[in-house]
Amino acid sequence: MRGIPTTMRNRLLASGALIATLAAATADAAAQGAPKPVNLLNVSYDPTRELYEELNHEFIRYWKGKTGQDVRIRQSHGGSGKQGRSVIDGLQADVVTLAVAYDIDQIAEKGRLIAADWQGRLADNSSPYTSTIVLLVRKGNPKGIKDWGDLVKPGVSVITPNPKTSGGARWNYLAAWAWALRQPGGNDATAKAFVARLYKNVPVLDAGARGSTTTFVERGIGDVLLAWENEALLAIKEMGPGKLEIVAPSVSILAEPPVSVVDRVARKRGTQPVAEAYLRYLYTEVGQEIAAKNFYRPRLASVAAKYESQFPKLTLVTVDGVFGGWRKAQAAHFADGASFDQIYQPGR
Amino acid sequence: MRAVRQWVTSIVLTTASVGVAPQVLAQSSAATDNSISDTSSLEARVDALDQQIRVLERLRALAVDSAAAAAKTRQSATANAKDGFSLKSADGQYSLKLRGYAQADGRFFASDAVAAIPDNFLLRRARPILEVTVGQYFGFRIMPDFGNGQTALLDAYWEGKFDPAFSVRAGKFKPPIGFERLQSATDISFGERGLPTNLAPSRDIGLQIAGEASGVFEYQVGIFNGATDLASADGDLNDSKDLAARVFVQPIRGGALQGLGLGLSGSTGVEQGNATATDLSGYRSASQQTFFRYRTDAVAPENTVIAEGRRSRLSPHAYLGLGSFGLLGEYIVNRQEVRRAGSVATLTHTAWQASGSFFLTGEYAGFRSPTPRKPFDLTAGTFGAIELAARYGELDIDDEAFPLFANSASASTKARGLGLGVNWHLNKQIKVLLSYEHTTFDGGAATGDRASEDFVVTRFQHAF
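Procedures and definitions
- Residues numbered from 1 in each chain as written.
- Chains lettered and ligands numbered in written order.
- Predicted model: local features only at pLDDT ≥ 70, side-chain atom pairs only at ≥ 80, totals over all residues.
- Heavy atoms only, no water.
- Contact = heavy atoms within 4.5 Å.
- Buried area = accessible area lost by both parts, 1.4 Å probe.
- Salt bridge = Lys/Arg side-chain N within 4 Å of Asp/Glu carboxyl O.
- Polar contact = N/O pair within 3.5 Å; in protein donor to acceptor, adjacent residues only side chain to side chain.
- Helix = DSSP H or I, 4+ residues; strand = E, 2+ residues; numbered from the N terminus.
- 1 Å grid on protein atoms, 1.4 Å probe; cavity = no way out; pocket = protein on both sides within 12 Å on 5 of 7 lines; lining within 4 Å.
- Points joined across faces, edges and corners; volume = space filled by probe spheres on them.
- Nonpolar A, V, L, I, M, F, W, Y, C, P; charged D, E, K, R; others polar.
- Axes fitted to C-alpha atoms, helices over the stretch in contact; angles between N-to-C directions.
- Parallel < 35°, antiparallel > 145°, perpendicular 65-115°, else oblique.
- Left-handed = near helix turned anticlockwise from the far one by under 90°.

1. Brief notes about the interface of chain B and chain A
- Chain B puts twelve residues into the contact, and the matching count from chain A is twelve residues.
- Here chain B and chain A share an interface that buries about 1,100 Å² over both sides, 58% of which is from carbon and sulfur atoms.
- Our count for the chain B to chain A interface comes out at one salt bridge.
- Where chain B packs against chain A, one counts five residue pairs in polar contact (both at pLDDT 80 or more).
- If you tally residues by element for the side of chain B that touches chain A, the top one is helix α2 (residues 32-73) of chain B, at six residues.

In structure tokens form, the structure reads like this:
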């Protein structure tokens, strides 16, 4: 630089080098001391707020004790499908804990953010807890609802969220379909007719399961809520006994909400080790206990035995067994133009 | 919730009871069963209505949520006078604007004794402008020019606008020197800018920070390659960079002088030309004829005048908008160290101008063209805005330039320009311009003064 005298330029260069060296040395010293705090974002579905609030609290303590590293965990909740689309669109989730495997498959395929074999990376198809679908009615069961068949009676108002945005809603839909298939003479046509009649009794479709619970419990709309078992048990706990009752249907579906690290985001943000540990923590005895206390069915036999009495005994079918897996179920029922679009006409 | 329902039920039942009380009293006890049945029916109907109301309320809330969510992702495509044609995301953080302007001139020389200058029609400027905003802070702008049958990239810069008081711009753009140069070519009142613009660069490549505070104070500070006068430079000839800065204040809030703005700009840097790229410019009259140039020598290149050493510019300037009357004044002093063979000198050129404009139709005469109060509309019988304009300016070449660094037989020592104009602003986009420029010179001819110029420009301008 001709405009700056050589001596001054040399001094500037020397000063810059000194500052850079000091900065590097300071950063190195800091790195050798305490590990740098890390932030995790868990993008989850609607009813898991309470579960992960409790789990996060315990995991933060566990991780600090194990590694000395501070972790801050943020949660994002909404309809499972909607949450999955947000991650594909750029929401920087380190982990996803969604309602259905299909939503994580979409993140893997469309977003290319997760390895295709994600479901095999953790035990039990990466579903650390399970749940099912039950019927939640008001105290005394004024409409006399005992099983799925009662939901299509005239005058019965059914609350369930929108399967286009909610994973829970898709489980509800498939559970009803599975019940219809098991009725005498049941086949896809009769099941479709039954589910169509059921949705004629649905006055409101919320975007997520928690929204539907609020609609039923707090806004007082409807006679029966198709609900996650954990959500129904939580509602009864929150509202106090004597206001709501669970009706266990003769058949329901085994819901296996999956979890996964969002590989590309976690790698980019340097959170992969803690993100993986966070999900593995769900499988520990502590994690399973927390899941059970929040009314999710634990996988660990010892914890499952301990909490056995809080879950109604149900005949459970699986998506794989009845529908050939989530991909087929999604294509047949929830894709644009599929069975749900054919049977559900808003406002009619 | 249940309490509300019971309350509503009790009101309905009470009303019903009062309304039918005489009849009820007249009934026999045999009617009691029927009354219980009626009561149950009413309660059921109230419950059903209550449910319907709740459902409708919820559906309405969901519709509002749905509309709000849709609005967040809905893009808008607009076409208007302010933004031209634009695509914008719902949150306004991403946008693409296509703007531009074109100026088609008719240029006529009433007296062209110095040289046979043909009258001609000319596409003076044809500039598409692409502006993109990416995210909350960042954007870029590209503006080429296809005027005069040539292609040039005038503006190409990235900008981060972090706060009204702090933005960063990098790329090629107008450096903050030369007041009229900073005015858009679509807003000038004459066919060409005045004589002081000769002593400032057109475009330069560099990095600038800028900001403003409450419309009272604005600043720009930047480091640039150091383009020579009038140049739109795409590179530098030496390692040294120029520093350029400007401050502008509008000190009076309210009252007749609230449109008064005072500014000071300057630049400094060390330049190094060579025989093929001298880093020096000639200067032009309003008709774009060169009336001053430094000596060049193709046979003995060492005799070509080159920039060598510091070049500094300082320019106080002011603008006053007094209702329909606007006044612009600027002065610029340009000091340049030059060399020709073994001779060096520091030459100081100066220029100034004062120009005024007046809108017969009452529009405010600001630094930018106004929107006509009554745009041209045949059906409404309105014709737009009419502006009258006049200016006078001078450019004085340092006498030390002659004869060693410039030839007085072909380079003038001084130019004086008088301009008169009338402009018809049909609407915000379209302007028809007529201006007359009379320029006289000292020296610049083999014998005496270069012949004066009488130059008329007509222009049709379309900007969107």
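2. Concerning empty space enclosed by the protein
All names here are of chain B.
- Per the stated rule, a full pass over the model turns up seven cavities of 30 Å³ or more.
- Looking at the largest cavity, its volume works out to about 190 Å³.
- Sorting the residues of the lining of the largest cavity by element identifies β15 (325-340) and β16 (343-359) as the ones contributing at least two each.
- In terms of residue count, the dominant contributor to the lining of the largest cavity is β16 (four residues).
- Among the residues making up the lining of the largest cavity, the classes are represented as eight nonpolar, nine polar and four charged.

3. Regarding the packing of helix α2 (residues 49-67) of chain A against helix α12 (residues 285-293) of chain A
All names here are of chain A.
- Relative orientation of the contacting elements α2 and α12 amounts to 155°, with a least axis distance of 9 Å. As far as their axial angle goes, α12 and α2 are roughly antiparallel. In this structure, α2 meets α12 at a crossing whose hand is right-handed. Residues L51, E54, L55 and E58 of α2 lie in contact with α12, whose contacting residues are V286, G287, I290, A291 and K293.
- Residues belonging to the contact of α2 with α12 are distributed by class as follows: five nonpolar, one polar and three charged.

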